[in-house]
Amino acid sequence: MGAAEPRIVPGLLSCLMVCAANVAYCFNLSEPNTGVFVHAGRQLALDMPGHDDIANIGFIVGKKCVAVIDSGGSIRIGSELRAAIMQHTALPICYVINTHVHFDHVLGNAAFEIDRPSFVGHAALTQAMARSRELFVTQYGGDVIAPDRVVEHELTLDLGGRQLQLRAWPTAHSDCDLTVFDQQTDALWTGDLLFRERLPALDGSLKGWLSMLDELMRMKVALAVPGHGPVTRDFKSAIIPEREYLEALADGIRGELSEGRPLEHAIQHVAAAQKPRWLLWDSVHPHNVVRTYEELEWE
Ligand SMILES: [Zn+2]
């Protein structure tokens, strides 16, 4: 991370309110660009306490209303985000946008039902949520609100003097990835198309993800909010580690397949040189190898 990187600093008002009830926990909030508020998720494994707070979530404030971008992994986290919004603006919440289906980005949706926003997501999000509903309820103890407005390709939302461009992507990290671009400050909310520090998790298509990164590289972005890890003003450099890991995964699996080696060997050896760069390797990498093995087996 370079010296010019914005730091995630706790929003004082948010902290005071939440910490008064629980001094051990503080709902951090930063405003890296004017009107762009980010709560930084924690780099925890999915089976650790606090795993409902692992994604970067936040909101953007226009002159007329507010758009939430991802709602956290539980109603509790969604409610804390909602409380933070109330401290910064009296404007109504008109949109809750989900960047994709994973629980850590969507299970806080119900906390915003009272605001009667439009819930917005990728055209494939409704089906993806239906497929995940049982997992949400049994494993994470929460249900989810599906979108009432979907994006096939692109959609512009107006927050009052501030427009957000939403773009639905072909299958990459997941089958329902959506990015949000704030035209006012050139800030791009990437969802889990960009991981930093935490090892990228593959739940879509490795080949799709790699080709999508080439397109992201061509975008003019002044500030990027990744799905996990620190926000950055050097978007292109921030993509490189993720791309190198995904390329090592693809190259390594192709090598294993051409040698006829079993999956167990691939899990141990593919992309192993990348391990020191990333958090949560042991809980994420084996799954990525299995997914990639399945994807590339018949190419
Ligand atoms: Zn995800």
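In this numbering scheme, every chain counts its residues from 1 along its sequence in written order. Residues qualify for local features only when their pLDDT is at least 70, as the model is predicted, and side-chain atom pairs are given and counted only at 80 or more; totals for whole chains, interfaces and linings, by contrast, use all residues.

## Let's talk about the overall build of the protein
- Regarding its fold elements, the protein presents eight helices and twelve strands.
- As defined in this context, the radius of gyration uses C-alpha atoms, and a globule is described by 2.2 Å times the residue total to the power 0.38. Taking 299 residues into account, the globule formula puts the C-alpha radius of gyration at 19 Å, and the protein, at 19 Å, falls close to it.
- Scored against the burial criterion, the 299 residues of the protein give a buried share of 45%.
- Within the protein, contacts between residues at least 6 apart in sequence are counted, and of these 65% link residues at least 24 apart. Secondary structure elements are defined from DSSP: runs of H or I of at least 4 residues count as helices, runs of E of at least 2 residues count as strands, and each element is numbered from the N terminus. Burial is judged by counting the other C-beta atoms within 10 Å of a residue's own C-beta: 20 or more makes it buried, 12 or fewer makes it exposed, and any count in between marks it as partly exposed, with every C-beta position built from the backbone. Note on contacts: residues are paired as contacts if their backbone-placed C-beta atoms lie within 7 Å.

## Concerning helix α6 (residues 235-259)
- The end-to-end C-alpha distance of α6, which contains 25 residues, comes to 37 Å, matching closely the 36 Å that a straight helix rising 1.5 Å per residue would cover.
- Trailing α6 by a residue or two, Gly260 shows a phi angle of about 70 degrees, which is positive. Each residue after the first adds 1.5 Å to the expected span of a helix.

## So, the pairing of strand β2 (residues 36-39)
- Burial along β2 is two-sided: Val36 and Val38 facing one way and Phe37 and His39 facing the other are all buried.
- By this definition, two strands are paired if DSSP reports at least two bridges between them. In terms of strand pairing, strand β1 (residues 30-33) meets β2 through two bridges, oriented antiparallel. In the strand pairing of β2, Asn33 is matched with Val36.
- Of the strand pairs in this sheet, β2 and strand β3 (residues 57-61) are connected by four bridges, and their pairing is antiparallel. Residue pairing across strands places Val36 opposite Ile60, the latter belonging to β3.

## Some remarks on unusual backbone geometry
- The phi angle at Asp186 is positive, at roughly 55 degrees, despite the residue not being glycine.
- With respect to the helices and strands, the residue Asp186 is situated in the loop between β10 (178-182) and β11 (187-195).
- Positive phi outside glycine occurs at Ala271, with the angle close to 60 degrees.
- Along the polypeptide, Ala271 turns up in the loop between α7 (263-269) and α8 (281-296).
- Owing to 23 C-beta atoms within 10 Å, Ala271 belongs among the buried residues under this scheme.

## Notes on the sheet that holds β11
- Here five strands make up an open sheet; going across it, the order is β8-β9-β10-β11-β12 and the pairing mixed. Looking at which strands have only one partner, the edges of the open sheet turn out to be β8 (154-158) and β12 (223-228). This sheet shows a mean twist of 25 degrees between the axes of neighbouring strands, independent of strand direction.
- As paired strands, β8 and strand β9 (residues 163-168) are joined by five bridges and run antiparallel to one another. Bridging across to β9, Leu157 finds its partner in Leu164. Inter-axis angles, ranging from 0 to 180 degrees, are taken between N-to-C directions of lines fitted to C-alpha atoms, where helices are fitted over the stretch in contact.

## So, the nonpolar core
- Nonpolar cores are built from buried Ala, Val, Leu, Ile, Met, Phe, Trp, Tyr and Cys residues. These are joined into a set through C-beta atoms within 7 Å. Ranked by size, the top nonpolar core spans 80 residues in total, and within it Phe59, Val66, Ala67, Val68, Ile69, Ile97 and Ala224 carry the most contacts.
- The residues contacting Ala67, other than those within four sequence positions of it, are Phe59, Ile60, Cys94, Tyr95, Ile97, Leu157, Leu159 and Leu164.

## Topic: helix α4 (residues 125-140)
- Given a rise of 1.5 Å per residue, 16 residues ought to cover 22 Å, yet the end C-alpha atoms of α4 are separated by just 18 Å, more than 12% below that figure.
- Here the bend at a residue is taken as the angle between two axes, fitted respectively to the seven residues that end there and the seven that start there. Largest kink in α4: about 50 degrees, centred on Ser132.
- Buried within α4 we find Leu125, Ala128 and Met129.
- Phi turns positive, to about 65 degrees, at Gly141, one or two residues after α4.

## Thoughts on the sheet that holds β2
- Read across the open sheet, the seven strands follow the order β1-β2-β3-β4-β5-β6-β7; overall the sheet is mixed. Of all the strands in the sheet, just β1 and β7 (149-151) have a single pairing partner and so form its edges. With strand direction ignored, the average angle separating the axes of adjacent strands in the sheet is 25 degrees.
- With four bridges joining them, strand β4 (residues 66-69) and strand β5 (residues 93-97) adopt parallel strand pairing. Its bridge partner lying in β5, Val66 is registered against Ile93.
- Set on the sheet, helix α2 (residues 75-88) makes contact with β2, β3, β4 and β5; between it and β3 the angle comes to about 25 degrees.

## Here's the deal with the packing of helix α5 (residues 206-217) against α6
- In the contact formed by α5 and α6, the axes pass within 10 Å of each other and the chain directions differ by 155 degrees. Viewed along their axes, α5 and α6 adopt a mutual orientation that is roughly antiparallel. Between α5 and α6 lies a crossing of left-handed hand. Mapping the contact onto sequence places Leu206, Trp209, Leu210, Leu213, Leu216 and Met217 in α5 and Lys236, Ile239, Arg243, Leu246, Glu247, Leu249 and Ala250 in α6. Comment on the angle field: the value is read as roughly parallel under 35 degrees, roughly antiparallel over 145, roughly perpendicular from 65 to 115, and oblique elsewhere. Helix crossings are classified by the rotation of the near helix relative to the far one: an anticlockwise turn of less than a right angle makes the crossing left-handed, while a clockwise turn makes it right-handed.

## A look at the confidence of the model for the protein
- Looking at the protein as a whole, the pLDDT averages 91, with 92% of positions reaching at least 70.
- Along the chain, pLDDT gives the predictor's confidence residue by residue, from 0 to 100. For residues 1-24, every residue scores under 50 in pLDDT, and the model assigns this stretch 36 contacts once sequence neighbours within four places are set aside.

## Some words on the packing of α6 against α8
- Packing of α6 against α8 brings their axes to within 10 Å, and their N-to-C directions diverge by 60 degrees. One finds that α6 runs oblique with respect to α8. In this structure, α6 crosses over α8, and the sense of that crossing is right-handed. Touching Leu249, Ala250, Ile253, Arg254 and Leu257 of α6 are Asn288, Val289, Thr292, Tyr293 and Leu296, all from α8.
- By residue class, the composition of the contact of α6 with α8 is seven nonpolar, two polar and one charged. As a working rule, the residues Ala, Val, Leu, Ile, Met, Phe, Trp, Tyr, Cys and Pro are called nonpolar, Asp, Glu, Lys and Arg charged, and the rest polar, with Gly in that last group.

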